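# Remarks on the overall topology
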Amino acid sequence: MKFRVRKMTTDDLEQVIAIDRASFSLPWPERSFRFELTDNPAARCWVAEGEDGAVIGMLVLWLIVDEAHIATIATKPEYRRQGVAQELLVSALIFARDEGAKTAFLEVRENNVAAQSMYRKYGFVETGRRPHYYKDNDEDAILMTLTSLQGAFFATKQSPPSWGNASG
Ligand SMILES: CC(C)(COP(=O)(O)OP(=O)(O)OC[C@H]1O[C@@H](n2cnc3c(N)ncnc32)[C@H](O)[C@@H]1OP(=O)(O)O)[C@@H](O)C(=O)NCCC(=O)NCCS
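Heads up: these notes are all about the structure in this document. Fair warning: this is a prediction, and the values are worked out from it, not measured in the lab.

This paragraph deals with the sheet that holds strand β3 (residues 55-64). The sheet built from 7 strands is open, its strands ordered β1-β2-β3-β4-β5-β7-β6 with mixed pairing. Of all strands in the sheet, those bounded by a partner on one side alone are β1 (3-7) and β6 (125-130). Within this sheet the neighbouring strands show an average axis-to-axis angle of 25 degrees, counted without direction. Sheet contacts for helix α1 (residues 13-23): β2 (43-50), β3 and β4 (67-75); angle to β3, the most-contacted strand, approximately 90 degrees. With respect to the sheet, helix α3 (residues 84-98) is in contact with β1, β2, β3, β4 and β5 (103-109), its orientation differing from that of β3 by roughly 30 degrees.

Here's what the structure looks like:
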């Protein structure tokens, strides 16, 4: 399957919100995505776009000084297990690294094995836990950290050429 990662625009919001609602038990309200996209100077918002132009994945990252924080990431259910989320993750982290990020952080539900596997694959390790963090089922949040965006895997990665065509 062919797809490309590009910056999110306001035209993508409807599809991004649909993916969010299909993916999370506590989805973000529309105004949160709109805020991240248009008003939050720390936010970097990305989508994966299929060949037909449809949005099939999304990621929001916060860049705060030299720290990148993955705020949310999801793939449209029927496009999962085809490398969409990892392409979004790696692309966004490379972009953050090139903007000066040195480390990356995220929170993930204790029982979200799929996401934890992906993060481990790219070097994130568990560095903490927030007990009862998720209010819908009292689930713990696992804190995961990628200690060096300059090191190992990411050191050899360049921003993809398609980056130049990214809009927004
Ligand atoms: C987690 C999620 C984003 C993964 O998206 P995806 O596009 O299917 O992921 P990819 O195909 O890029 O897979 C990348 C890696 O993630 C891991 N992974 C993905 N789905 C997995 C699953 N169901 N079981 C185990 N590992 C899985 C694997 O390590 C995989 O690498 P591999 O293909 O070499 O085995 C997707 O399942 C999703 O949207 N879930 C709901 C939202 C969510 O939980 N987001 C994370 C919040 S912290």
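Next comes the rest of the description.
This next bit is on the pairing of β3. Among the 10 residues that make up β3, 7 are buried, leaving the element largely enclosed by the rest of the structure. In the sheet, β2 pairs with β3 via 7 bridges, with the strands oriented antiparallel. Across the sheet, Val47 pairs through a bridge with Met58, a residue of β3. Linkage of β2 to β3, two consecutive antiparallel strands, is achieved through a turn of 4 residues, within which Gly53 is found at a positive phi near 90 degrees. Of the pairings in the sheet, the one linking β3 to β4 comprises 8 bridges and is antiparallel in character. Bridged to Ile64 within β4 is Glu67.

With that out of the way, let us pick up α1. Residues Val16, Ile19 and Asp20 constitute the buried set of α1. Seen along its axis, α1 keeps its buried residues to an arc of 100 degrees; they face one direction. Looking at the packing, one finds that the buried side of α1 touches α2 (30-38), β2, β3 and β4.

Following both chains from N to C, one finds α1 and α2 inclined at 125 degrees, their axes separated by 10 Å at the closest point. Looking at the two axes, α1 sits oblique to α2. For the element pair α1 and α2, the recorded crossing hand is right-handed. Contacts from Leu13, Val16 and Ile17 in α1 reach Glu30, Phe33 and Arg34 in α2. Classifying every residue of the contact of α1 with α2 by side-chain character gives 4 nonpolar, no polar and 2 charged.

Reading guide: rules and limits
- Residues numbered from 1 in each chain as written.
- Predicted model: local features only at pLDDT ≥ 70, side-chain atom pairs only at ≥ 80, totals over all residues.
- Pairing = 2+ DSSP bridges.
- Helix = DSSP H or I, 4+ residues; strand = E, 2+ residues; numbered from the N terminus.
- Axes fitted to C-alpha atoms, helices over the stretch in contact; angles between N-to-C directions.
- Contact = placed C-beta atoms within 7 Å.
- Buried ≥ 20, exposed ≤ 12 C-beta atoms within 10 Å, placed from the backbone.
- Arc of directions from axis to C-beta.
- Parallel < 35°, antiparallel > 145°, perpendicular 65-115°, else oblique.
- Left-handed = near helix turned anticlockwise from the far one by under 90°.
- Nonpolar A, V, L, I, M, F, W, Y, C, P; charged D, E, K, R; others polar.

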